[in-house]
Amino acid sequence: MTAVQLPPVAPEVTATLVEDLSPRLRKRLDAAVTKLGARPAHRVGDTVTIAVDDETELRLHAPGGVVTTADAITCGCLLAPACVHRAAAACAAPTADPPPELADQPSRAHPLPASATAPGSTPARTDAFTAGSDSSLDEEASPAQRAAADALWSAGAAVLETGVDGAGAVTQSVLLRAAHTARLRNLPRPAGAALSVVTLLRAARSGDPSYRTPDLVTALTELLSTAHRVRTASGAELAAVRGRARRPYSPDGSLRLYGLFTEPVVTDSGHGGVRTWVAGSDGRLCTVGDVAPGGVGRALGVADRAVRLGDSALTHRELGRAGLAVSGATVSPDGRLGAGKGVKAVTARGATWTEPPLAALWEAPPAEQAARALRSTSRHAEPDGGGSDLLFLDVELLGAVREPGGICLLAHCGGGIAVRLTVADDDPALAHRDNLMLLAAAPGAQLRIIGRLVPGLHPRLALLACSHPTGEGTIDLGFDRLSRADLPDPAAAVRFAPPTAGGPGAHASLYLLERRVEQTVPAGRAALGMLGDVSTETRRLTRAGLPTAAGLLTALRTSAARRERDPFGRLLPADTDGFALHWLAAARYTAAVSESLCAAAWEPTR
């Protein structure tokens, strides 16, 4: 493996280099990517050099941190510039994010919230958004946009046809070209989904331990769904499906803000930084972020840098416990505070979590908070749809619980709800895991916590911040490190709580369809075509009160196995479009039912 991370490469650059290869070299591309990934590399300024062999070097020139032209990748071999090495380097490098602000990138541990509206608060003013999103209620996609959406659909359907194993560099380059064209045609949302699919395909094929098949299912569903809807949507629906290249910031006057906590942000594309959460006097949540290339090391360093907001001298971690008075404020639809020249900010008194206005965040019932968070974290939520994915709970710690994916912390909150508290990021450089294990040694401790909803069969949160176990101050669990002396009983050992009651119910039967949806992703359509009879599974689904799931499973399996023949008995090409439609319907259905079951799990038990 290379010791130096390659700079991100613009999607159109990778697509161009792969398209320029001869058919013979395209067949060798995947092997060349693997071989190049094992070669030594070093960085000097904006240039990364890879030793192709003992005599040949390949260079990626990335002014500003991103390779933006095909000419910026050069090779010293005899076949250059028509060699396979240049395309292999582009395919081995991360895909560059779109030009808009880097802070918009999702963390590897969680997506950014769709917005930042607190329970019971008024949404951020979005006059600029609403005024510009649907200037014509009858607006329809242009022919160029429909053509771009068709290309995205075909590229996504091809991934379902072959599965991860067959979706190599050439298939990925088709997705990248379609994404670039869609962005030029003002379709940033489906274009972004295509880039996510490419990133996850690369993670799956490289054996990245952070890769999860459900993540690729979600990305493919978003790609196919938005591409399909562009064809028929109009007015406001088209604006939502089309998405935005940039989040508009609208004036919001003067704001009095109170710090809540600061969390590290580390992305799969090698970016790192922080996000500090603040609340307005009306309870509305906003964020101040600083994310740029640098990974976890940058996240740890930026936490103690000054916030980029007006003339404030506060660091991010200080702001998480202090206050700000802001004039000339601008806020994006998802609650991000702008840092334009007209913004003025001065340090002000903060508030503890038990004082107004922050105390009100913990007053909403857990079920109400979870329902709001689900609207934000839904796999298919509309952009700027409203709601925050944070929950504010008062809990009593019970101890650790062993699960197939590792250890989590079990706690009780209002209504007798047992909540599983998990690590927000597994990176050992961050304090999340060590802090959670120490808290597991404090059964009976009563804490006020902030966590990010993790949709699932049982109530689950990624733990982000909590009140100090001694009752004084708060802890940013990604940065602040607890010690045994901070626990009520410093000699306590980790206690393992008994598993909570509650069977899988309808989810066990829904899994019969859900696993077939997921099975398609690694192995492709052919894997489902060889299933044979699924009548036993459909009967179980019907008996569980899920007749729609039974019908979708039957249609999915039938579509996967269907192969027509011509008059001479020769097999015709598979109907990839038809199969993709059936798969998309099944994926959307399982997501919707799973989210309904998740919401029900947060209902009080007493």
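What counts and how
Residues numbered from 1 in each chain as written. Predicted model: local features only at pLDDT ≥ 70, side-chain atom pairs only at ≥ 80, totals over all residues. Heavy atoms only, no water. Helix = DSSP H or I, 4+ residues; strand = E, 2+ residues; numbered from the N terminus. Buried < 20%, exposed > 50% of the residue type's maximum accessible area, 1.4 Å probe, protein only. Contact = heavy atoms within 4.5 Å. Axes fitted to C-alpha atoms, helices over the stretch in contact; angles between N-to-C directions. Parallel < 35°, antiparallel > 145°, perpendicular 65-115°, else oblique. Nonpolar A, V, L, I, M, F, W, Y, C, P; charged D, E, K, R; others polar. Pairing = 2+ DSSP bridges. Left-handed = near helix turned anticlockwise from the far one by under 90°. Phe/Tyr/Trp six-rings, centres within 6.5 Å; stacked < 30°, edge-to-face > 60°. Lys NZ or Arg CZ within 6 Å of the ring centre and 35° of its normal. Salt bridge = Lys/Arg side-chain N within 4 Å of Asp/Glu carboxyl O. Arc of directions from axis to C-beta. Polar contact = N/O pair within 3.5 Å; in protein donor to acceptor, adjacent residues only side chain to side chain. Core = buried A, V, L, I, M, F, W, Y, C linked by side-chain atoms within 4.5 Å. pLDDT = per-residue confidence, 0-100.

## Some thoughts on the overall build of the protein chain
Counting secondary structure elements, the protein chain contains 18 helices and 15 strands. Evaluated residue by residue, the protein chain yields a buried proportion of 53% over its 606 residues. Taking the intrachain contacts of the protein chain between residues at least 6 apart in sequence as the baseline, contacts between residues at least 24 apart amount to 67%.

## Observations regarding the packing of helix α7 (residues 188-206) against helix α9 (residues 235-242)
Contact geometry for α7 and α9: axes closest at 5 Å, N-to-C directions at 30 degrees. Judged by the inter-axis angle, α7 sits roughly parallel to α9. The residues of α9 that touch α7, namely those facing Pro188, Arg189 and Pro190, are Ala240, Val241 and Arg242. Broken down by class, the residue content of the contact of α7 with α9 amounts to four nonpolar, no polar and two charged.

## A word on the sheet that holds strand β4 (residues 73-75)
Read across the sheet, four strands follow the order β1-β2-β3-β4 without closing on themselves; strand pairing throughout is antiparallel. Looking at strand neighbours, the two that pair on one side only are β1 (41-44) and β4, the edges of this open sheet. Each strand of the sheet is rotated relative to its neighbour by a mean of 20 degrees, with strand direction disregarded. Inspection of the sheet shows strand β3 (residues 57-61) paired to β4 by three bridges, in the antiparallel sense. For Leu60, the partnering residue across the bridge sits in β4 and is Ile73.

## Concerning the packing of helix α8 (residues 213-230) against helix α18 (residues 576-601)
Two elements in contact, α8 and α18, have axes separated by 10 Å at closest approach and are oriented at 115 degrees. Along this stretch, α8 crosses α18, giving a crossing that reads as left-handed. Of the residues in α18, those in contact with Val217, Leu220, Thr221, Leu224, Ser225 and His228 of α8 are Leu581, Trp583, Leu584, Ala587 and Arg588.

## Points about the packing of aromatic side chains
A complete count under the given rule lists three aromatic pairs for this structure. Ring centres 6.3 Å apart and planes at 10 degrees place the aromatic pair Phe261 and Trp277 in the stacked group. Pair noted here: Phe261 is in strand β5 (residues 250-266) and Trp277 is in strand β6 (residues 271-280), with a separation of 16 residues, a long-range link. We classify Phe261 as buried; its relative accessible area is 0%. Owing to a relative accessible area of 0%, Trp277 belongs among the buried residues under this scheme. One aromatic cluster is present, formed by Trp353, Trp362 and Phe392 through successive ring pairs. Directly above the aromatic system of Trp153 lies the positively charged group of Arg231, at a separation of 5.1 Å from the ring centroid.

## Regarding the pattern of salt bridges
Overall, the coordinates contain 26 salt bridges when judged by the stated rule. Across the pair Glu57 and Arg59 runs a salt bridge, and its minimum N-O distance is 2.8 Å. With relative accessibility at 33%, the residue Glu57 sits in the partly exposed group. Put simply, Asp304, Arg317, Arg321, Asp476 and Asp480 are held in one network by salt bridges that share partners.

## Here we look at helix α10 (residues 295-302)
The set of residues buried in α10 consists of Gly295, Val296, Arg298, Ala299 and Val302. All buried residues of α10 fall inside an arc of 160 degrees around its axis, so they share one side.

## Some words on the side chain of Asp290
Along the chain, Asp290 falls in strand β7 (residues 285-293). In this structure the side chain of Asp290 is engaged in a polar contact, spanning 2.9 Å, whose partner is the side chain of Arg298.

## Points about the environment of Gly295
Among the structural elements, Gly295 can be located in helix α10. Through-space distance from the C-alpha of Gly295 to that of Gly273 is 7.5 Å; in sequence the pair is 22 residues apart. Excluding residues within four positions of it along the chain, Gly295 makes contact with Val266, Gly270, His271 and Gly272.

## Digging into the pairing of strand β11 (residues 406-413)
Note: strand β10 (residues 390-403) against β11, seven bridges, orientation antiparallel. By the bridge assignment for β11, Arg402 is matched with Ile407. Hairpin connection of β10 to β11: two residues between the antiparallel strands. Bridge count for β11 against strand β12 (residues 417-423) is five bridges, and the pairing is antiparallel. Along β12, the bridge assignment pairs Cys413 with Ile417.

## Notes on the nonpolar core
Counting 62 residues, the largest nonpolar core has Leu175, Leu216 and Trp583 as its most contacted members. At the level of secondary structure, the elements contributing two or more residues to this core comprise α5 (143-166), α6 (169-184), α7, α8, α9, α14 (506-523), α17 (547-561) and α18. Each residue touching Leu216, except ones within four places of it in the same chain, is listed here: Val164, Val197, Leu200, Leu201, Tyr211 and Val521.

## Things to note about the confidence of the model for the protein chain
Of all residues in the protein chain, 88% have pLDDT values of 70 or greater, and the mean over the chain is 86. Between residues 100-136, whose pLDDT stays under 50, and residues either more than four places distant or in other chains, the model counts 104 contacts.

## What about unusual backbone geometry?
Note that the residue after Ala80, namely Pro81, is joined by a cis bond; omega there is 5 degrees. Here Pro81 is to be found in the loop between β4 and α3 (84-92). Here the amide bond leading from Pro356 into Pro357 is cis, since omega sits at 5 degrees, within 30 degrees of zero. Secondary-structure assignment places Pro357 in the loop between β9 (344-348) and α12 (366-377). We note that Asn186 has phi near 65 degrees; this positive angle belongs to a residue other than glycine.

## Quick look at the environment of Ala544
Mapped onto the fold, Ala544 is located in the loop between α16 (535-543) and α17. Exposure remark for Ala544: the relative accessible area of 34% places this residue in the partly exposed category. Taking C-alpha positions, Ala544 is 6.6 Å from Ser509, a pair spaced 35 residues apart along the chain.

## Overview of the environment of Ser596
Position of Ser596 among the secondary structure elements: in helix α18. On a C-alpha basis, the gap between Ser596 and Leu457 in space is 9.7 Å, while along the polypeptide they are 139 residues apart.

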